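Secondary and tertiary structure notes
The lines below spell out each chain.
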Amino acid sequence: MSEKRSFESHISADLPIKAKEEDRLNRTSFAEALANIIRSWRDKPSLVIGLFGDWGSGKSSLKNLVLESIARNEENKVQVVEFSPWQVSSQDLLTETFFREIGKSLEKTGPAEDAIVKRRVARWKEYAGILSIAGTVARAFRSAIPPTSHTSLALTSAAAAVEGVAAVVKTGAETVEAEGAAGSLTLSELKAQINEDLRLLDRPILVVLDDIDRLTKEEIRYTLQLVKANADFPNIIYLLLAQKKSVLDALKEIAPDSPLSYLEKIIQVSFDLPTVNRKQLQDVLVKGLDELLLGPQLEKRFSSEYWGAIFPHFFSLFRNLRDLNRFLGSLAFHIQLFLNGDTFEVNPVDLIALEAIRLFEPDVYHKIAGSKDVLTPLPRSPERSSRSGRRCREQMVSRSESQFVSSI
């Protein structure tokens, strides 16, 4: 018999796991193999790794297992930057945040007072400022000159747009001047110096970009372009997590003939998340139910025969691990609701089945809720009630089975 997990742990079951002790799908070995690839990538050009999986398949959990494995290794340390583009509200902030987070990581590559570290960070900030300003101006021109605009009107709009970004440019220029290098180097010369700075790092920097598939199509394209434009620096590794279909759909607008080929030009190494097979899903579900149904109040009302009859139909409602976790969290709440001292106020198998229908087949659930007169008829006399109740239950089972099967 499993140990009873806390009510809170089931309610938060849909949160990504953070340690291999929580791994219920045996993905730790895959995560450690990926972590070994990242740790071993030293004194080499940049590397872009794509980790793809459907929503609810456990991408963030696997990412956490990779980061845990990296953190455990004291000999081959990796500097980690976690960056979620989805939490950034605009493209301008996306660029700024991207460079700022990497800049913070560079500040940790040595003592703060070290002249080499200071110079490394200053060059990176200068480079980031130039690219951020260029991106702002380019977007202003694109928004100011729609393809169908008359030329004179377009130029007027463009002039207004340039005035609008003048303050940004001025601020950026002042920032660059403050670093003491404004105008002294071309962008290619500056990039060459940064390239040398990063080549001398004693450990690589891992930049993790999660939840890319939550972005708009335009933001997905921009994020990929941002990575591609900065994917030639040594000792920087990118780990991108997304649902592949969402990314390919976003790329169709700029590469309609072959969005996959376009993606492959950006991502050098691609992995698909290990598939959760039905047996694994069933094992996790049964274990979760076993943990929730512990206690004399529930066990004495649990019918194994009844459960065996509904389980095949019930289990077919679950598509992935997220469905399963949502269900277990909701069921944990309702079990607490119906516990009353030494008694459990409902049939636990009924509760399990109805909660699954409520979550995954809400239309069927509402029809059940509206059919109380059929499901729970009032008795008229003991003998007639027995016959009527038996006939009603037979009709109910026949009707619910046909609806259940057709809905699945």
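To keep things clear, this report deals only with the structure shown in the data block. (Residues numbered from 1 in each chain as written. Predicted model: local features only at pLDDT ≥ 70, side-chain atom pairs only at ≥ 80, totals over all residues. Heavy atoms only, no water.)

Some details on the overall build of the protein chain
Across its full length, the protein chain carries 18 helices and seven strands. Counting every position in the protein chain, which comprises 408 residues, the buried fraction comes to 42%. Once local pairs closer than 6 in sequence are excluded, the contacts in the protein chain between residues at least 24 apart make up 80%. For the protein chain, the accessible surface area stands at approximately 22300 Å², while carbon and sulfur atoms represent 54% of it. (Helix = DSSP H or I, 4+ residues; strand = E, 2+ residues; numbered from the N terminus. Buried < 20%, exposed > 50% of the residue type's maximum accessible area, 1.4 Å probe, protein only. Contact = heavy atoms within 4.5 Å. Areas by Shrake-Rupley, 256 points an atom, 1.4 Å probe, with all protein chains shown as cover.)

Some points on the pattern of salt bridges
Considering all chains together, one arrives at 20 salt bridges under this definition. Salt-bridge contacts for glutamate 101 lead to arginine 100; the nearest nitrogen and oxygen are separated by 3.9 Å. With relative accessibility at 37%, the residue arginine 100 sits in the partly exposed group. The salt bridge involving lysine 244 is made with aspartate 272; its shortest N-O contact spans 4.0 Å. Taken together, the residues span a long stretch of sequence, with lysine 244 in helix 9 (residues 244–251) and aspartate 272 in strand 5 (residues 269–272) at a distance of 28 residues. One salt-bridge network, held together by shared partners, links Glu96, Arg100, Glu101 and Lys104. (Salt bridge = Lys/Arg side-chain N within 4 Å of Asp/Glu carboxyl O.)

Some words on the packing of aromatic side chains
Both the distance between ring centres and the angle between the ring planes are used here to describe each pair of aromatic rings. The tally for this structure, following the rule as stated, stands at 20 aromatic pairs. Between phenylalanine 315 and phenylalanine 318, the ring centres sit 6.5 Å apart and the planes meet at 35 degrees, which makes this aromatic pair tilted. The two residues phenylalanine 315 and phenylalanine 318 agree in class, both being buried. An aromatic cluster of at least three residues, connected via ring pairs, comprises Phe302, Trp307, Phe311, Phe314, Phe315, Phe318, Phe327 and Phe360. A cation over an aromatic ring shows up here: lysine 191 above the ring of phenylalanine 233, its NZ or CZ 5.6 Å from the ring centre. Between the NZ or CZ atom of arginine 278 and the centre of the ring of phenylalanine 315, over which it lies, the distance is 4.4 Å. (Phe/Tyr/Trp six-rings, centres within 6.5 Å; stacked < 30°, edge-to-face > 60°. Lys NZ or Arg CZ within 6 Å of the ring centre and 35° of its normal.)

Quick notes on helix 14 (residues 321–338)
Since the α-helix packs 3.6 residues into each turn, any two residues three or four apart lie on the same face. End to end, helix 14 covers 26 Å across 18 residues, agreeing with the expected 26 Å (1.5 Å per residue, within 8%). Buried within helix 14 are the following residues: Leu321, Asp323, Leu324, Asn325, Phe327, Leu328, Gly329, Ser330, Leu331, Ala332, His334 and Ile335. The opening residue of helix 14, the one whose side-chain oxygen lies 3.1 Å from the backbone nitrogen of arginine 322, is asparagine 320. (Expected span 1.5 Å × (residues − 1). Polar contact = N/O pair within 3.5 Å; in protein donor to acceptor, adjacent residues only side chain to side chain.)

A look at the packing of helix 11 (residues 278–292) against helix 13 (residues 304–315)
At a minimum axis distance of 12 Å, the contact between helix 11 and helix 13 shows a crossing angle of 130 degrees. Between helix 11 and helix 13, the angle falls in the class oblique. In this structure, helix 11 crosses over helix 13, and the sense of that crossing is right-handed. Seen from helix 11, the contacting residues are Arg278, Leu281, Gln282, Leu285 and Leu289; seen from helix 13, they are Trp307, Phe311, Phe314 and Phe315. Tallied by class, residues from the contact of helix 11 with helix 13 come to seven nonpolar, one polar and one charged. (Axes fitted to C-alpha atoms, helices over the stretch in contact; angles between N-to-C directions. Parallel < 35°, antiparallel > 145°, perpendicular 65-115°, else oblique. Left-handed = near helix turned anticlockwise from the far one by under 90°. Nonpolar A, V, L, I, M, F, W, Y, C, P; charged D, E, K, R; others polar.)

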